[in-house]
Amino acid sequence: MAKQVIVSTRPFEFTREQISESIAENDGRLIVRGVLQKAREQNQNGRVYTRELLERESGKYQELIDDKRALGELDHPDSAVVNLQNVSHNVKKMWWDGDSLVGDVEVLGTPSGNILKELFKSGITLGISSRGMGTTRESEGKTLVNDDFELVAFDFVSNPSTRGAFLEPVNLNESVDPSGTKVVTEGRVCSKYCKVEGIIHEILGGLGES
């Protein structure tokens, strides 16, 4: 079986006040902290990662963190390569808390990073999503990720789909639970995450005027 791109997303959000405090406490940088991935838990897509698999891959990923090359993109590409033109953030630190893989993530001052920061400031709920290459197998109604999985990156995406922890600015503990409110956008019914498209268009429009 050929390897395919495998993604697993965790939602998170926080208040504008928390964003401002994080930037002030980190010399103008926005750094968020939270759960990047969980072991032994079935996500809403039905996938399960073993603790052994995630420990192995997080250990390998630590080399990228040490070299300051643990880069991620805004939205998932269908690729096993991180596209530098779309990089928005860098994972600075990662550790285990029980079966939760926790990390500190710095939002960069790149074009995609600036869009990401503006989405945060606008109160948009996004997701932190692992991207890797591998295969899966079905077992008792669950999709188990096989040992050939290779972690590529952690990306920010617009459609959080996995229950669990929320990321928040470092040194702060408050968080806001998503309301799940439905919104009608251009004649289609979707979740509130559809607002992301409008925010991005506004940001790009402003960049074009500058």
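You'll find the structure just up there.
Residues numbered from 1 in each chain as written. Predicted model: local features only at pLDDT ≥ 70, side-chain atom pairs only at ≥ 80, totals over all residues. Heavy atoms only, no water.

**Q** Could you give me a rundown of unusual backbone geometry, with the residues and numbers involved?
**A** Backbone geometry places Arg40, a non-glycine residue, at a positive phi of 65 degrees. Inspection of the secondary structure puts Arg40 in the loop between strand 2 (30-38) and strand 3 (47-48). At Glu140, a position not held by glycine, the phi torsion is positive, near 55 degrees. Topologically, Glu140 is positioned in the loop between strand 8 (136-139) and strand 9 (142-145). Using a relative accessible area of 81% as the deciding quantity, one classes Glu140 as exposed. (Helix = DSSP H or I, 4+ residues; strand = E, 2+ residues; numbered from the N terminus. Buried < 20%, exposed > 50% of the residue type's maximum accessible area, 1.4 Å probe, protein only.)

**Q** Kindly report on the sheet that holds strand 9, identifying the contributing residues and their values.
**A** The three strands are arranged 3-9-8 in an open sheet whose pairing can be described as mixed. The strands lining the two open edges of the sheet, one partner per strand, are strand 3 and strand 8. Bridging between strand 8 and strand 9 involves four bridges; their strand directions are antiparallel. Bridged to Ser139 within strand 9 is Lys142. (Pairing = 2+ DSSP bridges.)

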